[in-house]
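Spelled out from the first residue to the last, the chains are:
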Amino acid sequence: MADPSPLPNDPARLHAIARYLELQLAAVHAALAEAEQRPRWWVQWARRREGEARHGLLHEEGCWHPGEPMLTAQQGQALLAEYGGRILRCEVCRPGQRRT
Ligand SMILES: [Zn+2]
């Protein structure tokens, strides 16, 4: 990674740069919090015979499988933990495992 651009050496300009970066960081944190709250995952429940345990496939936004995002990533992770092997991650979209 390249070195950051050189900084000025006077307090006034350094204060201005610090304030600018604080505002930028706050905006990034706000955008991140909003993105994490947006539903991006859903479960495609399988048909089941009477008495059979519910099971399904978990998908993430962008997958071509049917369904609409209605779970946040946190809710999707909670379902994976709760259902154990009865909810599997889709092998096409691999929710929560894609490189960003
Ligand atoms: Zn999928």
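Residues numbered from 1 in each chain as written. Predicted model: local features only at pLDDT ≥ 70, side-chain atom pairs only at ≥ 80, totals over all residues.

**Brief notes about the overall build of the protein**
At step 1: Scanning the protein for helices and strands turns up 2 helices and 3 strands.
At step 2: Counted from the first residue to the last, the protein has its helices and strands arranged as α-β-β-α-β.
At step 3: For the protein, whose C-alpha radius of gyration is 22 Å, the value lies well above the compact-globule estimate of 13 Å for 100 residues.
At step 4: Across the 100 residues of the protein, 11% fall into the buried class.
At step 5: At a minimum sequence separation of 6, the contacts of the protein that also span at least 24 residues come to 56%. (Helix = DSSP H or I, 4+ residues; strand = E, 2+ residues; numbered from the N terminus. Rg over C-alpha atoms; globule rule 2.2 N^0.38 Å. Buried ≥ 20, exposed ≤ 12 C-beta atoms within 10 Å, placed from the backbone. Contact = placed C-beta atoms within 7 Å.)

**Some remarks on the nonpolar core**
At step 1: Grouped together as the largest cluster of nonpolar side chains are 7 residues: Trp41, Trp42, Val43, Leu57, Leu58, Ile87 and Cys90.
At step 2: When residues of this core are traced back to their parent elements, those giving at least two are strand 1 (41-45) and strand 2 (56-60).
At step 3: With 3 residues, the top contributor of residues to this core is strand 1.
At step 4: Excluding residues that lie within four positions of it along the chain, leucine 58 makes contacts with Trp41, Val43, Gly76, Leu79, Leu80, Ile87, Leu88, Arg89, Cys90 and Pro95. (Core = buried A, V, L, I, M, F, W, Y, C linked by C-beta atoms within 7 Å.)

**So, the domain arrangement of the protein**
At step 1: When its domains are assigned, the protein resolves into domain 1 (9-38) and domain 2 (39-89).
At step 2: The C-alpha-based centres of domain 1 and domain 2 are spaced at 36 Å. (Domains from an automatic or database assignment.)

**Structural notes on the sheet that holds strand 2**
At step 1: The strand order across the open sheet formed by 3 strands is 1-2-3, and the pairing between neighbours is mixed. One side of each edge strand has no neighbouring strand; the edge strands of this open sheet are strand 1 and strand 3 (87-89). The mean inter-strand angle of the sheet, taken between neighbouring strand axes irrespective of direction, is 30°.
At step 2: Here strand 2 pairs with strand 3 via 3 bridges, running parallel. Bridge assignment links leucine 57 to a residue of strand 3, and that residue is leucine 88. (Pairing = 2+ DSSP bridges. Axes fitted to C-alpha atoms, helices over the stretch in contact; angles between N-to-C directions.)

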